[in-house]
Amino acid sequence: MQLRSVFIPVTATSRRDLVERLVQLLAGLFLYGVSLGLMVRGGIGVAPWDVLALGVSGQSGIGYGTITVLVSVVVLLLWIPLRQRVGVGTLLNSLLVGPSADLTLAVIPAPPSIWIGAPMFVAGLVLLAFATGLYIAASFGPGPRDGLMTGLVRVTGWKVWIVRTLIEGSVLLVGFLLGGPVGVGTVLFALGVGPLVGWFLPAITRLREDRSRRLAPVPSH
């Protein structure tokens, strides 16, 4: 595989469009990390990948954000045999979400009760769906975990829901065995993230595509 074919080319309708989409990408990734921090602070369970990250963090003594980055790097290595193409957004996702989550955990203390923690988790879940829409609609490539899923779907020919269930089920089991927090929040995430992303992503994508078209240079006659 040639080096050029490994990377997704960056395209834009104009320089302004490129800058705006980069800002959108960075904002989405920052808010994604904030959403993870809110859900962790909620204390009622977390998403499967975060069960794994917190389980490894608890066993190793390495910070949650750092483990999140390291897990992303390992997942990207799994892309190699799948011949998945890497985008700018893929690399930035791997490097920025973890530190953003750590920053959030440093700023926001643990809530004193579940009556505060549960709404924090729900706020984090909604924010995660919004942030997902922002960074995906910027069109700089999928995140490491999404790319692993789509790569396996392409290679195996299995349905998306089967591959996603196998990946997240395996991650959840390993994380649980390592002591990661599984709870009602884990169930809420599993049931809620799909519909929420399904609402935010198309809406943000339409806005981004309309904006990109308006920023395209007017052809001269």
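All of these numbers come straight from a predicted model, not from anything done at the bench.

Asker: Can you help me understand helix 7 (residues 144-156) in this one?
Answerer: Residues spaced three or four apart along an α-helix face the same direction, because each turn holds 3.6 residues. For helix 7, spanning 13 residues, the distance from its first C-alpha to its last is 18 Å, which sits close to the expected 18 Å at 1.5 Å a residue. For helix 7, the secondary structure elements touched by its buried residues are helix 3 (48-60), helix 4 (64-82), helix 5 (88-107) and helix 8 (160-177).

Asker: Got a minute to help me understand the packing of aromatic side chains in this structure?
Answerer: Where two aromatic rings form a pair, the distance of their centres and the angle of their planes describe that pair. Taken as a whole, this structure holds three aromatic pairs when the rule is applied. Judged by centre distance (5.7 Å) and plane angle (70°), the rings of F130 and F200 are edge-to-face. Placement of F130 in helix 6 (residues 114-137) and of F200 in helix 9 (residues 184-215) is noted, with a sequence separation of 70 residues between them. On the basis of relative accessibility, which here comes to 30%, the residue F130 falls in the partly exposed class. Aromatic side chains W199 and F200 sit 4.9 Å apart centroid to centroid with 85° between the ring planes, which places their arrangement in the edge-to-face category.

Asker: I tried to follow a nonpolar patch on the surface on my own but got confused; where do I start?
Answerer: A cluster of nonpolar residues, V122, V126, V184 and L188, forms a patch on the protein surface that exposes about 300 Å² of accessible area. Only helix 6 and helix 9 provide two or more residues apiece to the nonpolar patch. Its place among the elements puts V126 in helix 6. On the accessibility criterion, V126 (34% relative accessible area) is partly exposed.

Asker: Explain the nonpolar core to me, please; I cannot follow it from the model alone.
Answerer: Soluble globular proteins tend to bury their nonpolar side chains together. By size, the foremost hydrophobic cluster in this structure holds 44 residues, and its most contacted members are L36, M39, W49, Y64, I167 and F189. Elements supplying a minimum of two residues to this core: helix 2 (15-42), helix 3, helix 4, helix 5, helix 6, helix 7, helix 8 and helix 9. If near-sequence neighbours (up to four positions away) are discounted, Y64 is found in contact with L36, V40, D50, A53, L54, S57, A101, D102 and L105.

Asker: I'm lost on the pattern of salt bridges in this one. Help?
Answerer: Between side chains of opposite charge, a pair can form as their charged atoms come close. Applying the stated rule across the entire model yields seven salt bridges. Of the charged contacts, one joins R16 and E20 as a salt bridge, the two residues approaching to 2.9 Å between their closest N and O atoms. Residue R16 and its partner E20 are both found in helix 2; the two are separated by four residues, about one turn of the helix. Residues D17 and R21 are paired through a salt bridge, measuring 3.5 Å at the closest nitrogen-oxygen approach. Here D17 pairs with R21, and both are found in helix 2, just four residues apart, close to one helical turn. Each of R16, D17, E20, R21, R208 and R211 takes part in one network of salt bridges that share partners.

Rules of the game
- Residues numbered from 1 in each chain as written.
- Predicted model: local features only at pLDDT ≥ 70, side-chain atom pairs only at ≥ 80, totals over all residues.
- Heavy atoms only, no water.
- Helix = DSSP H or I, 4+ residues; strand = E, 2+ residues; numbered from the N terminus.
- Expected span 1.5 Å × (residues − 1).
- Contact = heavy atoms within 4.5 Å.
- Phe/Tyr/Trp six-rings, centres within 6.5 Å; stacked < 30°, edge-to-face > 60°.
- Buried < 20%, exposed > 50% of the residue type's maximum accessible area, 1.4 Å probe, protein only.
- Patch = residues over 30% accessible without salt bridge, like charges linked within 9 Å, V, L, I, M, F, W, Y side chains within 5 Å.
- Areas by Shrake-Rupley, 256 points an atom, 1.4 Å probe, with all protein chains shown as cover.
- Salt bridge = Lys/Arg side-chain N within 4 Å of Asp/Glu carboxyl O.
- Core = buried A, V, L, I, M, F, W, Y, C linked by side-chain atoms within 4.5 Å.

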